[in-house]
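Below are the chains, spelled out letter by letter.
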Amino acid sequence: MCGIVGYVGERMAIDVLLDGLKRLEYRGYDSVGVAIASEELKLFKDKGELSKIEAQIPRWKGKMGIGHTRWATCGRPSKNNSHPFVDCTGRIALVHNGIIENHLSLRKQLEDEGHVFTSETDTEVLVHLMERHYNGDAHAALMAALSQVKGTYAVAAMVEGDDRIVVSRKENPLVIGLGVGENMVASDVTALLSLTNRVLYLLEGESAIVTAGGITLFDADGNKVEREPSTVTWTVEDAEKGGFEHYMLKEIYEQPTAIHNSLLGSLDEIYAGAIIPDIEINSVKLVACGSSSHAAMVGKYIIEEMARLPTTVELASEYRYSPGTGESPLTILVTQSGETADTLAAAREARQRGCRTLAVTNLVGSTISREADHVFYTNAGPEISVAATKSYITQLMAMYLLGLRLGTMRQTLDRAEVRSLSNELRSMPRYVSGVLDRASEIEEAVDMLAKADHIFYLGRNINYPTMLEGALKLKEISYIHAEGYAAGELKHGPLALLDANTPVVAACVNDHTREKMLGNISEVAARDSPVLGIGVEGDRELEAITDA
Ligand code: F6R
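Rules used in this analysis
Residues numbered from 1 in each chain as written. Predicted model: local features only at pLDDT ≥ 70, side-chain atom pairs only at ≥ 80, totals over all residues. Heavy atoms only, no water. Buried < 20%, exposed > 50% of the residue type's maximum accessible area, 1.4 Å probe, protein only. Helix = DSSP H or I, 4+ residues; strand = E, 2+ residues; numbered from the N terminus. Pairing = 2+ DSSP bridges. Domains from an automatic or database assignment. Buried area = accessible area lost by both parts, 1.4 Å probe. Salt bridge = Lys/Arg side-chain N within 4 Å of Asp/Glu carboxyl O. Polar contact = N/O pair within 3.5 Å; in protein donor to acceptor, adjacent residues only side chain to side chain. Nonpolar A, V, L, I, M, F, W, Y, C, P; charged D, E, K, R; others polar. Axes fitted to C-alpha atoms, helices over the stretch in contact; angles between N-to-C directions. Contact = heavy atoms within 4.5 Å. Phe/Tyr/Trp six-rings, centres within 6.5 Å; stacked < 30°, edge-to-face > 60°. Lys NZ or Arg CZ within 6 Å of the ring centre and 35° of its normal.

### Quick word on the pairing of strand β8 (residues 165-170)
- With five of six residues buried, β8 is to be regarded as a mostly interior element.
- With five bridges joining them, strand β7 (residues 151-159) and β8 adopt antiparallel strand pairing. Residue pairing across strands places Ala154 opposite Arg169, the latter belonging to β8.
- Strand direction decides the pairing type here: β8 and strand β12 (residues 207-210), joined by four bridges, are antiparallel. Looking at β12, one finds that Ser168 is bridged to Ser207.

### A closer look at the domain arrangement of the protein
- Partitioning the protein into domains gives domain 1 (3-239), domain 2 (248-434) and domain 3 (439-544).
- Computed from C-alpha coordinates alone, the two centres of domain 2 and domain 3 are separated by 27 Å.
- Carbon and sulfur atoms supply 69% of the area buried between domain 2 and domain 3, which totals about 1000 Å² over both sides.
- Interface area lost by domain 2 to domain 3 is led by His294, Met297 and Tyr301, which between them contribute 44%.
- At the junction of domain 2 with domain 3, the criterion picks out zero salt bridges.
- At the surface where domain 2 touches domain 3, the tally comes to five residue pairs in polar contact (both at pLDDT 80 or more).
- Contributing elements (two or more residues each) for the side of domain 2 that touches domain 3: α6 (247-253), α9 (290-307) and α13 (390-409).
- Take the side of domain 2 that touches domain 3: its biggest share by element is seven residues, from α9.
- For the side of domain 2 that touches domain 3, the per-class residue count stands at ten nonpolar, three polar and no charged.

### Quick notes on the pattern of salt bridges
- Tallied over the entire structure, the rule returns 32 salt bridges.
- One salt bridge connects Arg351 with Asp373, and the closest N-O pair in it is separated by 3.0 Å. In this pair, Arg351 is assigned in helix α11 (residues 341-352) and Asp373 in the loop between α12 (367-371) and β20 (374-377), connecting sequence segments 22 residues apart.
- A relative accessible area of 43% means that Arg351 is categorised as partly exposed.

### Focus: the sheet that holds strand β22 (residues 481-486)
- With parallel pairing, the four strands of this open sheet are ordered in space as β22-β21-β23-β24. Each end of this open sheet is capped by a strand with a single partner; those strands are β22 and β24 (531-535). Each adjacent strand pair in this sheet contributes to an overall mean axis angle of 20°, direction not counted.
- Each of β21 (454-459), β23 (504-508) and β24 touches helix α18 (residues 514-526); the most contacted strand, β23, lies at about 165° to it.

### Concerning the packing of aromatic side chains
- The full count for this structure, using the stated rule, is two aromatic pairs.
- Judged by centre distance (5.5 Å) and plane angle (20°), the ring pair of Phe244 and Tyr253 falls under stacked.
- Note on Phe244: relative accessible area 31%, which makes it partly exposed.
- Ring geometry for Phe456 versus Tyr485: centroids 5.9 Å apart, planes at 35°, classification tilted. Residue Phe456 is located in strand β21, and its partner Tyr485 is located in strand β22; the two are separated by 29 residues in the primary sequence.
- The ring of Phe44 carries the charged tip of Lys79 above its face, separated from the ring centre by 5.7 Å.
- It is Arg353 that lies over the ring of Tyr319; its NZ or CZ is 4.4 Å from the centre.

Structure follows, in structure tokens:
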């Protein structure tokens, strides 16, 4: 994923930019570049990791600059395709995240006018459009350029000899960090935290002029607007590895704290109606992508069980293509980042369909949190490792809390049930710590999975989406092919794929699906597949039919 940083102030801009770019490295990238605008524009960009090319980057003295980490989408990773892009006069520099859909027709027009392109990217048209419109006002030139493009963007640009970074966003995040006598911009708040925790999130379509002395903010129609900055409660340390070998491990171990923070205050807020007011709700639709969609599937079981409300789950990437039923369910958008394009599009579509929307998100100030009617923050803290771990478990907490709220509103849960469920939730950090304490046993058990090429994950009922999540995580992290299945579906085809080289991970807990799950595990074992069972401690029956 691409990353943007920009700095204007009293320090050597190059140092601040390189620090910011390093903090964005976790997002993955293939090229990196910086431009410094002092009296004349300086540019360095190349393919490869920052650590390998940093020594070649001159330490220019300029106090304003922009930088970028690129994850190639349009045009292969190469020096020329890296950002920043510079116009034909060599005076304007620009970095961009997003996609310019009409870049080919714009490029043709610009080439006909004599503009010379140096890359294969969609982004480069933006800097040439700015050049076409530049008349001494960088902000006006950027606005004019953006008015001609179709697509999405977070963009930062600057002109040699000027003292302004100009920025705008559409469907891609951009945040301004407010310092004293210095300001910064970035696509991700993590890049700003070493400078400041006072931030202004740009809203959809907004633009801004950023100088060392202040910010001028404009709405999507170009009118000046004022907004109070937000304070980010995450620290730089929160966003760093904290002694763990890698971020994912750190974030796995942060789960008990994340659950605790997620519950903190939420139980009270939930009961006080702060998150879902007393409104009539006849049905619920949960909409999300990836891991968040698995949390949403878990949410369906919980809401149907606790609140007896008809609940459906839809992938956000599919939602807008469905015709809708004419009904207006409470539509719950689950998204860790609050910035996933398909989920944002689904939220907008839901509102158009007359649905009340509730965002379940981790990021305060994210686009979804501003666009939804109601917001539930999961408070998991920054998730640097990209793979959802602590954010997923806090989404599950959110589903339980929403189930409790809807169940109390509809009086499908009595007081004793609410008390007992709330107490169980409060015990969750302790339960999760108990599992983490057994990491070495788990490490031994997964040996049987490490050499496999294909692995099946099986579960029933509420554990089925958790098995889908297990399989997704394995694919994403280890590049081993894994499939999650509802255990009862195994006999309808996939059983044929099982043999001694295809291990199975099976969730079998003490609920109404237990007997059936034990039967499924026996079926699998009969085909010689090694089975790793996930169950309740001391379950001898499960232990007897599994290998680990
Ligand atoms: C997998 C993972 C992704 C995200 C998905 C949605 O580990 O992290 O599948 O869950 O991209 O992202 P959010 O929740 O930010 O909308």
